[in-house]
Amino acid sequence: MTTTALPPKGTGPLAKREARMAWGLLLPTLLSVSLVVVLPLLAIFWISFKPVGLADLRPPTPVLRESLRGNPEAPGDDAQVEYRIRNSSQDKPILGVVLKDRLPEGLTITELDPRCSVSGRDLTCDFGDLEGGFRDRLRMPATVDQAFLDSEVELDETKMSISGTSDNILTNSELTFENFRRVFDGGEFWSVLGVTIFYTVFGTVGALLFGLFAAMLLNKEFRGQGILRGLYLFPYVAPVIAVAFTWVNLFDPFSGSANALLLQMGVASEPINFFGQRPLALIMVTVFEIWRYFPLSFLFILARMQSIDSDMYEAADMDGASPFQKFWYLSLPQLLGILSVLFLLRFIWTFNKFDDIFLLTGGNAGTRTLTVNVYEQAFAISNIGAGAAVAVVIFTCLIAFAVLFFRFISREEGL
């Protein structure tokens, strides 16, 4: 008796055709993800190695304005054609600048500039190379006739073009490590990194602990439970700019209610500048982070707690287990998965957080994190390359954290 060997599973013609169809269906999604995520990420890496300032985002271009000076009212009146040209860059040259314009009918230039020539109504001017900061004004006498007066055409409405080539710093091959050298020079980077780690770790752990505590409180049936759950979500759903300015006004050293209460109770002898002195400002922005984002942890933890089988708790009650023992040996093992996922997400989001700190302190009083540093490098001092370098450092830190996290957190914990 002979047997026919079957092809390995997934290698037959039908399986290959299904695989090609699956890749064809996935291709639009993969391209969309690449355009939205991968390309901007590659652009940031590229800019981090370029000496790019805010003014370099646009390549040098020749800027041209034209006008007809004088007020000709009759045929034969004199006028003056004026072109004002400049280099938009103060230090980068533009090569081979050529102006082409079509003069309106009835306008005749009587004295050409040496750099210009006319063929019919077509005017061409060769300006050559424009150095950085170049400015020039070209004036040529002209006369008008009745055709020009009847057409009522303004000179700036005529067809005009100007061309030239320049070195675009964003696309040339010049690369440098100066941006990263500037980031790591001195002790400023390490102090900013320390502030970022403190803010991220304590903000993440605090949000998880408060979310867990709130979920345990509301994991019971009682009157008004739905209303209280909705109120718990208020810090997370409220507009960040509104709650941030509320906190700033509440803890203002001169007119804030918190200081007034502390002074009246005798707890403080003078007003406290909560958001303006070290290290209190960093503690306050961390507390704000915990208060604002613990509802997200609360929502996920509560949903997981309500899916735990209640029979285990009934058996534990019969065995005489204390509330702490039921939490430690029954609830916590069931919550490790969702707690791990929340810790990963909250750590990444908090590490990247910018708006909360910027609205509360502007990065002052020892609250300058890496994301605030990106803003200050890129926009405050107009160094886009240095800002991109800090962004690359942030990306590298998060990749390292994710690798370590997935390396040491087992899949049994829900990942």
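Predicted model, so just to flag it, every value in this text is computed and none were measured.

What counts and how
Residues numbered from 1 in each chain as written. Predicted model: local features only at pLDDT ≥ 70, side-chain atom pairs only at ≥ 80, totals over all residues. Heavy atoms only, no water. Axes fitted to C-alpha atoms, helices over the stretch in contact; angles between N-to-C directions. Helix = DSSP H or I, 4+ residues; strand = E, 2+ residues; numbered from the N terminus. Parallel < 35°, antiparallel > 145°, perpendicular 65-115°, else oblique. Left-handed = near helix turned anticlockwise from the far one by under 90°. Nonpolar A, V, L, I, M, F, W, Y, C, P; charged D, E, K, R; others polar. Buried < 20%, exposed > 50% of the residue type's maximum accessible area, 1.4 Å probe, protein only. Contact = heavy atoms within 4.5 Å. Phe/Tyr/Trp six-rings, centres within 6.5 Å; stacked < 30°, edge-to-face > 60°. Lys NZ or Arg CZ within 6 Å of the ring centre and 35° of its normal. Pairing = 2+ DSSP bridges. Domains from an automatic or database assignment. 1 Å grid on protein atoms, 1.4 Å probe; cavity = no way out; pocket = protein on both sides within 12 Å on 5 of 7 lines; lining within 4 Å. Points joined across faces, edges and corners; volume = space filled by probe spheres on them. Disulfide = S-S within 2.5 Å. Salt bridge = Lys/Arg side-chain N within 4 Å of Asp/Glu carboxyl O.

Asker: What am I meant to see in the packing of helix 4 (residues 188–217) against helix 9 (residues 280–305) here?
Answerer: Pairs of packed helices are described in terms of their axes, by the angle between the two and the distance that separates them. In contact at an axis separation of 6 Å, helix 4 and helix 9 are set at 40° when each is read in the N-to-C sense. If you check the angle between helix 4 and helix 9, you find them oblique. Handedness of the crossing formed by helix 4 with helix 9: right-handed. When grouped by side-chain class, the residues that make up the contact of helix 4 with helix 9 number 20 nonpolar, five polar and one charged.

Asker: Would you take a moment to explain the environment of valine 52 for this structure?
Answerer: Residue placement: valine 52 occurs in the loop between helix 1 (13–48) and strand 1 (62–69). Among the residues examined, valine 52 registers a relative accessible area of 2% and is labelled buried. Between the alpha carbons of valine 52 and phenylalanine 251 there is a distance of 40 Å; along the sequence they are 199 residues apart. Setting aside anything within four residues of it in sequence, one finds valine 52 in contact with Leu57, Ile169, Leu170, Asn383, Ile384 and Gly385.

Asker: Would you mind going over the packing of aromatic side chains with me for this structure?
Answerer: Two aromatic rings, taken as a pair, are described by how far apart their centres are and by the angle between their planes. By the definition in use, this model includes 28 aromatic pairs. On the numbers, 5.4 Å between centres and 55° between planes, the contact of tyrosine 232 with phenylalanine 298 is tilted. Of this pair, tyrosine 232 sits in helix 5 (residues 225–232) while phenylalanine 298 sits in helix 9, placing them 66 residues apart in sequence. For the pair phenylalanine 288 and tryptophan 291, a centre-to-centre distance of 5.9 Å together with 45° between the ring planes defines the contact as tilted. Of the two residues, phenylalanine 288 and tryptophan 291 both sit in helix 9, three residues apart, roughly one turn of that helix. One residue, arginine 346, lies across the ring of tyrosine 293, its end atom 4.4 Å from the ring centre.

Asker: What is the right way to read the environment of glycine 24 from this model?
Answerer: By secondary structure assignment, the location of glycine 24 is in helix 1. Given the relative accessible area of 43%, glycine 24 is considered partly exposed. On a C-alpha basis, the gap between glycine 24 and phenylalanine 222 in space is 53 Å, while along the polypeptide they are 198 residues apart.

Asker: Just checking my understanding: could you explain the pairing of strand 2 (residues 78–87) for this structure?
Answerer: On a regular strand, each side chain points to the face opposite its neighbour's, so the side chains alternate between the two faces of the sheet. Where strand 1 and strand 2 come together, eight bridges link them in antiparallel fashion. In the sheet register, leucine 64 faces strand 2, and the bridge partner there is isoleucine 85. Here nine bridges tie strand 2 to strand 7 (residues 135–144), and the two strands are oriented antiparallel to one another. For tyrosine 83, the partnering residue across the bridge sits in strand 7 and is leucine 138.

Asker: Where do I start with unusual backbone geometry in this structure?
Answerer: Glycine aside, negative phi is the norm for most residues, and most peptide bonds take the trans geometry. Following arginine 278, the chain continues into proline 279 via a peptide bond in cis, with omega recorded as -15°. With respect to the helices, strands and loops of the structure, proline 279 is situated in the loop between helix 8 (257–265) and helix 9. Of note, alanine 365 is a non-glycine position whose phi angle comes to about 55°, a positive value. Structurally, alanine 365 can be placed in the loop between helix 12 (355–360) and helix 13 (370–380).

Asker: Can you walk me through the sheet that holds strand 3 (residues 94–102) in this structure?
Answerer: The strands making up a sheet are joined through hydrogen bonds of the backbone, oriented either antiparallel or parallel. Taking strand neighbours across the sheet as the criterion, the four strands line up as 5-6-3-8 in an open arrangement whose pairing is antiparallel. The sheet terminates laterally at strand 5 (116–119) and strand 8 (160–166), the two strands that pair on one side only. Between one strand and the next, the sheet's axes are offset by a mean angle of 15°, whatever the strand orientation. When strand 5 meets strand 6 (residues 122–130), the two strands line up antiparallel, connected through four bridges. The partner of serine 119 across the bridge, within strand 6, is aspartate 122.

Asker: How should I be thinking about the sheet that holds strand 2 in this particular structure?
Answerer: The strand order across the open sheet built from four strands is 1-2-7-4, with neighbouring strands paired in antiparallel fashion. Whereas interior strands pair on both sides, the edge strands pair on one side only; in this sheet they are strand 1 and strand 4 (107–109). Pairs of neighbouring strands in the sheet enclose a mean axial angle of 30°, with direction left out of account.

Asker: I keep staring at the domain arrangement of the chain and nothing clicks. Help me out?
Answerer: By a frequent convention, interface size equals the accessible area lost on bringing the separate parts together. Splitting the chain by domain gives domain 1 (62–166) and domain 2 (186–382). On a C-alpha basis, the centres of domain 1 and domain 2 stand 64 Å from each other.

Asker: Looking at this structure, I do not really get the layout of surface pockets. What am I missing?
Answerer: Remark: the empty space left among the atoms is shown by a probe the size of a water molecule rolled over them. Of the voids in this model, the largest pocket is the one considered here, and its volume is about 430 Å³. Contributing to the lining of the largest pocket are 15 residues, with Asn219, Lys220, Tyr313, Lys326 and Ser331 lying nearest its centre. For the lining of the largest pocket, the leading source of residues is helix 11 (residues 323–351), giving five residues. Its residues placed into classes, the lining of the largest pocket shows seven nonpolar, four polar and four charged.

Asker: Which parts of the structure should I look at to understand the state of the cysteines?
Answerer: Put plainly, two cysteines are in a disulfide when a covalent bond ties their sulfur atoms together. Within the structure shown, the criterion is met by one disulfide. In this model cysteine 116 forms its disulfide with cysteine 125; the gap between the sulfur atoms is 2.0 Å. On the S-S bond that ties cysteine 116 to cysteine 125, the torsion sits near 110°, and the link is right-handed. The pair formed by cysteine 116 and cysteine 125 is uniform in burial state, with each residue classed as buried.

Asker: Can you help me understand the pattern of salt bridges in this one?
Answerer: Side chains carrying opposite charge are able to pair once their charged atoms draw close together. Counted by the stated rule, this structure contains 14 salt bridges. Linking glutamate 82 and arginine 69 is a salt bridge whose minimum nitrogen-to-oxygen distance equals 3.7 Å. Of this pair, glutamate 82 sits in strand 2 while arginine 69 sits in strand 1, and the two are 13 residues apart along the sequence. The exposure class assigned to arginine 69 is partly exposed, which follows from its relative accessible area of 38%.

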